[in-house]
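Structural features, examined
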Amino acid sequence: MDLSIVLLAQAPSRTYFELSRLQSMTEWWQWLLLLGVCLAVAAIIVVMYLYDSVELPRGVTATLVLLRVLAFVGLIVFFLNLEKRTERKLVKNSRALLLVDTSQSMGLQDTDSTSVPAAVSRIEQVVGELSQGPLIAKLREKHDVVAYRFDQAAKPVEVASFPKLAAAFPPDETVTSSSPRFGRSLRDARILTLLAGAIFALSLMIGVVYLLMQGAGLGRAVSSWALMANIAFLLAALVTLAIADLRNPEVGWLATFGISDPAKSRVAENKTSEDESGDERQPAEEDPELRVDWKTALLPRGVETRLGEAVRFLVNKERGGPVAGIVVFTDGANNAGVEPTAAITAAREAAIPVYTVGLGSTERPANVRVVDLEAPQRVYPGDAFTLTGYLQAYELEDRTVKVELVSAAAGSEEAPTTFEEERRVTLGPTGEVIPLKFEVTPSEQGRRVYKLRVLPPQQDYDKRDNEKTATVEVVDRKNRVLLFAGGPTREFQFLRNQLYRDRDTTVDVLLQSGVPGISQEANELLFDFPATADELFEYDCIVAFDPDWFELDELQVDLLDRWVAEKAGGLIVVAGPVYTPQWAGRPRGDQRVDTIKGLYPVVFYGQGSATLRMGRFGGDLAWPLNFTRDGMDAEFLWLDDTSLDSEQKWSSFAGVYGYYAVKDPKPGARVYARFSDPDTEIDNELPIYMAGQFYGAGRVFFQASGEMWRLRELDDAYFEQYYTKLIRWVSQGRLLQDSSRGLLLVDKDRCLLGDQVSVRAVLTDAQFQPLTTDEVSAILIQPDSTRTTLILRKLMEGGREGMFAAQFTALQEGDYRVELKVPDSPEDELLAREVRVRVPDLEIERPQRNDSLLKEIADKTGGQYAVGLDAAMNRRGLGTAPIYDLIEPQDQEAYLPGTPDKRFERLLMGWLLGLICGVLCLEWLIRRLNKLA
């Protein structure tokens, strides 16, 4: 709903009459000419009748002059175009803007509590007020209300809008016998009609007197004045009836005398025309306030807080409008964008007060926490590996704490715990992160859970963040990889050599351009793509470098599709300039090409410009990769142990020279990086360079060119780390399969607060056939130990059964765990996956409520600052007045010139023509009776 539309139904109006022809006469000579013509015509009439009626009685002469002048006046009114207009007052409703901070610091809880469920977060307080409190309803009594959210984006996003309650559905007065307006019009019409009847009766009486005088032979002079009076009263009666009809057009003649229903046919016609023009107000719908999902709309996802930028944008957007004030709900952590002083200056110049509501605590409590525990997903028995933990403390500088690392077999709460190592750690300055590395050597196969825990001092604020876990799969099995290449590209050669040297990997090579007798660093050299399930299903990952998919027959393509979707195979596809354009540009119809395209997480361009389809390969300049938010959070793309360090490494990478152009990501796919040359933008979007998706139980990763070997210019280890992590990520479904009956996957193992996490399960029944039920239930264990049911619904992908999917939003910091019991399994097999949720460093460096900034914004803009929602709403007398009473309405009024009343125009023309014709006929009759020419 556009709240800027002015509601006129309630606006006061003023009706007036004007001669439109006179309004168009702007020159003095036009007025002089009109006056001269009128006087000349009037003089001619008078002189003519004085000359023609020398022998007539004066009463008859006066009557003829009156009739002719009256006809002339009618013509003058017709020429001057008398119009009825109604001037209406336009009222733009006052607007109150709500601006809600949805940065991730708003997802923090401030109460010192370890209860279940966790304490209400800052954003949950706002959601509760907007959804259940009186704030919006009270504001709507005086204002239109618009709610926005803001975080790291340059512009706030509108969430919902609500019209002013008093003007949302104005009363529409219908023309019925019971409506007040009709009652007033009916009374007015009856009074004027009775008056006209009385005048007409008087005219009849005088007419009878005139006839009697003529019959009695009385003098013509006396009877002529009776005729004059008779005509004058008759005309007066007619004029009175005309006035009654023109003043009250909605009242019909029959309704005036109480014979029929009030609705006159011409009124019904006008009502119909109004309906067709869209003027009719529809019946009230359900209040839109009840349809807003505030919890979803205000998820705390932003990694930055641009408070000053958001306020300045709204001020500039609403400048000059009827804005009564902006209410900001925030903790005041302005850590990006323009300085708040710019917003204050803009608000003062626009005279828009800003009312700030501070949320959170001003104190940073003493707390020590385990930030993270990192470990490899797969290791081998007897091989030492490193776990890295990160410890952080606030207000506990130089305190010494004990840190322990323990482990236990995964999947059993009764499994014995093994004590791995204990250390004494001296805490650093507030906010400093201390890395701790532990060397561990596993001895048995299986999944093992390692837990790093800190024994905090007594004044520790939050006991829930004192430990973190990491699950490690100890397997005596190598990762089997097939390198499939259309030709010996540089990327292919470097990766082949790396994997051949990797003791954890078995690599086979299929080089389509190769011939028998060639030599390749590989465990096995293939000359044809696997043609049987036994051959293909042995592999965990296939890396395809610009392959010629046309060399595969339909059986091989179907096997590849089954291997990814049903056997959780990992597929990495690298585009190239040789074969990719040949098959990607083919129209639909080739079953093999359609199946291959279905595997890719991107949509290809159809037939058209070859340049558009191919993008470009080679060039004079290298362009860095522009990583998306998903790309920066994807640990399998990190070149270092932390996101920040990895971002620095990628920023030092010169970049790539080319890419293969694709149209869009597929629904559900994630774009991780884009080619950064601004000249390659299409529809304001840079080309996709990296993207990935679930495909059934497997994962597919797309790379737009084979140029990651250029990372070796920085360090050989970066190229190795890139492909090692990527291969493990796409192969995760096969490497971490918990049960022969099913597989449970999440699209990200680590994410930021407010992110959505996709959960996917592939399940079979007791006969190892795809499970055919419509849904399965899983348990979602939140960081505060709250357990909720997560429903995974059937997902038909490629016509396959047995696939189920769901999503959940990470609203708490810590570890989420998804547990799914395989239906009808004899031993209650449990599938489990964990997701670690963190708050970005920028949002937790200074999460305290910034009272000084929020008070400065309010004071300098003419608003008011309230600490917490209780004070803002004046609950329990904590505030001076509720915030909705402090915001004064700023309605804007303007006047809309009236438009001509078409009904009045039709009635007036009818009466004028009738009057002119009537008086001319009457004049002719009198002239004939008095024997005038």
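Everything numeric in this text was worked out from a predicted model, so none of it was measured.

**What to know about a negative patch on the surface**
- A surface patch of negative charge is lined by Glu-524, Asp-528, Asp-534, Glu-535, Glu-551, Asp-553, Glu-554 and Asp-558.
- Of all the elements in the fold, those that place two or more residues in the negative patch are α15 (533-536) and α16 (554-565).
- By the secondary structure assignment, Asp-534 is in helix α15.
- With relative accessibility at 65%, the residue Asp-534 sits in the exposed group.

**What about the sheet that holds strand β19 (residues 541-545)?**
- Here we have nine strands laid out as an open sheet, ordered β18-β17-β16-β19-β20-β26-β25-β24-β22, and mixed in their pairing. Sheet topology places β18 (524-526) and β22 (625-627) at the edges, where each strand pairs with a single neighbour. Looking at each pair of strands side by side, their axes are set apart by 15° on average, direction ignored.
- As paired elements, strand β16 (residues 479-485) and β19 share five bridges and run parallel to each other. Within β19, the position partnered with Phe-484 by the bridge is Ala-544.

**Observations regarding the nonpolar core**
- In terms of nonpolar packing, the biggest core is built from 89 residues, with Leu-483, Trp-549, Met-690, Phe-701, Met-708 and Tyr-722 touching the most fellow members.
- For Tyr-722, the residues in contact, after removing those within four places along its chain, are Phe-636, Leu-637, Leu-639, Trp-650, Met-690, Phe-701, Gln-703, Met-708 and Leu-711.
- Ranked by size, the runner-up nonpolar core spans 32 residues in total, among them Val-100, Phe-162, Ala-324 and Met-873.

**A look at the packing of aromatic side chains**
- Tallied over the entire structure, the rule returns 25 aromatic pairs.
- An angle of 45° between the planes, with centres 6.2 Å apart, marks the rings of Phe-162 and Trp-294 as tilted. Taken as a pair, Phe-162 in strand β5 (residues 157-162) and Trp-294 in helix α11 (residues 294-297) lie far apart in primary sequence, 132 residues in all. Across the pair, Trp-294 and Phe-162 agree in class, each one buried.
- On the numbers, 5.5 Å between centres and 70° between planes, the contact of Phe-484 with Trp-549 is edge-to-face. Taken together, the residues Phe-484 in strand β16 and Trp-549 in the loop between β19 and α16 connect sequence positions 65 residues apart.
- The ring of Tyr-539 carries the charged tip of Arg-480 above its face, separated from the ring centre by 4.9 Å.
- For Arg-490, the ring lying beneath its charged end belongs to Trp-709, and the centroid distance is 4.5 Å.

**Some details on the side chain of Arg-849**
- Mapping Arg-849 onto the fold places it in the loop between α24 (841-844) and α25 (851-861).
- Polar contacts involving the side chain of Arg-849 include one to the side chain of Tyr-865, which spans 3.4 Å.
- Leave out the neighbours within four places in its chain, and Arg-849 touches Asp-331, Gly-358, Leu-359, Gly-360, Ser-361, Thr-362, Tyr-865 and Val-867.

Rules used in this analysis
- Residues numbered from 1 in each chain as written.
- Predicted model: local features only at pLDDT ≥ 70, side-chain atom pairs only at ≥ 80, totals over all residues.
- Heavy atoms only, no water.
- Patch = residues over 30% accessible without salt bridge, like charges linked within 9 Å, V, L, I, M, F, W, Y side chains within 5 Å.
- Areas by Shrake-Rupley, 256 points an atom, 1.4 Å probe, with all protein chains shown as cover.
- Salt bridge = Lys/Arg side-chain N within 4 Å of Asp/Glu carboxyl O.
- Lys, Arg positive; Asp, Glu negative; His and termini not counted.
- Charge placed at Lys NZ, Arg CZ, Asp CG, Glu CD.
- Helix = DSSP H or I, 4+ residues; strand = E, 2+ residues; numbered from the N terminus.
- Buried < 20%, exposed > 50% of the residue type's maximum accessible area, 1.4 Å probe, protein only.
- Pairing = 2+ DSSP bridges.
- Axes fitted to C-alpha atoms, helices over the stretch in contact; angles between N-to-C directions.
- Core = buried A, V, L, I, M, F, W, Y, C linked by side-chain atoms within 4.5 Å.
- Contact = heavy atoms within 4.5 Å.
- Phe/Tyr/Trp six-rings, centres within 6.5 Å; stacked < 30°, edge-to-face > 60°.
- Lys NZ or Arg CZ within 6 Å of the ring centre and 35° of its normal.
- Polar contact = N/O pair within 3.5 Å; in protein donor to acceptor, adjacent residues only side chain to side chain.

The quantities given are spatial measurements derived from coordinates; they are silent on function.
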